[in-house]
Amino acid sequence: MRKYTLAEIGFLAKWFRDPTAQGVEEFTKFVKNGQIEIINGGWSANDEACAYYEDIIDNFVVGMRWAKDNLGVDVVNGW
């Protein structure tokens, strides 16, 4: 089985908030059956937006919480 990985939650959350977005239910199904894996779990990539270690921690907390609340998954892979 092929697997797609997604690392930045911010773009995904924006799509989920769009009331005209299509495919949200299918995406959630693919995540739950392992075809899409959320890795890293940050809201954005650390090298793009996080200058201090407190920001890095907050970035992960916000992104991982969103993944748990909206997709029902725990992010377990990161770097």
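Look up: the structure comes first, before these words.
Residues numbered from 1 in each chain as written. Predicted model: local features only at pLDDT ≥ 70, side-chain atom pairs only at ≥ 80, totals over all residues. Heavy atoms only, no water.

(A) Local environment of the overall build of the protein. Of the regular secondary structure elements, the protein holds 4 helices and 2 strands. Overall, the protein shows an N-to-C arrangement of helices and strands of β-α-α-β-α-α. For a compact globule of 79 residues, the expected C-alpha radius of gyration is about 12 Å, and the protein comes in at 13 Å, within 12% of that figure. Across its three principal axes, the protein shows a C-alpha extent of roughly 35 × 30 × 20 Å. For the protein, buried positions account for 34% of its 79 residues. The centroid of the 8 positive side-chain charges in the protein is displaced by 9 Å from the centroid of its 12 negative side-chain charges. (Helix = DSSP H or I, 4+ residues; strand = E, 2+ residues; numbered from the N terminus. Rg over C-alpha atoms; globule rule 2.2 N^0.38 Å. Buried < 20%, exposed > 50% of the residue type's maximum accessible area, 1.4 Å probe, protein only. Lys, Arg positive; Asp, Glu negative; His and termini not counted. Charge placed at Lys NZ, Arg CZ, Asp CG, Glu CD.)

(B) Inspection of the packing of aromatic side chains at higher detail. By the definition in use, this model includes 4 aromatic pairs. Ring geometry for Phe16 against Phe27: centres 6.1 Å apart, planes inclined by 80°, an arrangement best described as edge-to-face. One end of the pair, Phe16, is in helix H1 (residues 9-17); the other, Phe27, is in helix H2 (residues 24-32), and 11 residues separate them in sequence. (Phe/Tyr/Trp six-rings, centres within 6.5 Å; stacked < 30°, edge-to-face > 60°.)

(C) Quick peek at H2. The set of residues buried in H2 consists of Phe27, Thr28 and Val31. In an axial view of H2, the angular spread of the buried residues amounts to 100°, which keeps them on one side of the axis. Close packing links the buried residues of H2 with strand E1 (4-6), H1, strand E2 (36-38) and helix H4 (53-71). One or two residues past the end of H2 sits Gly34, with phi positive at roughly 90°. (Arc of directions from axis to C-beta. Contact = heavy atoms within 4.5 Å.)

So yeah, pure geometry; function would need other evidence.
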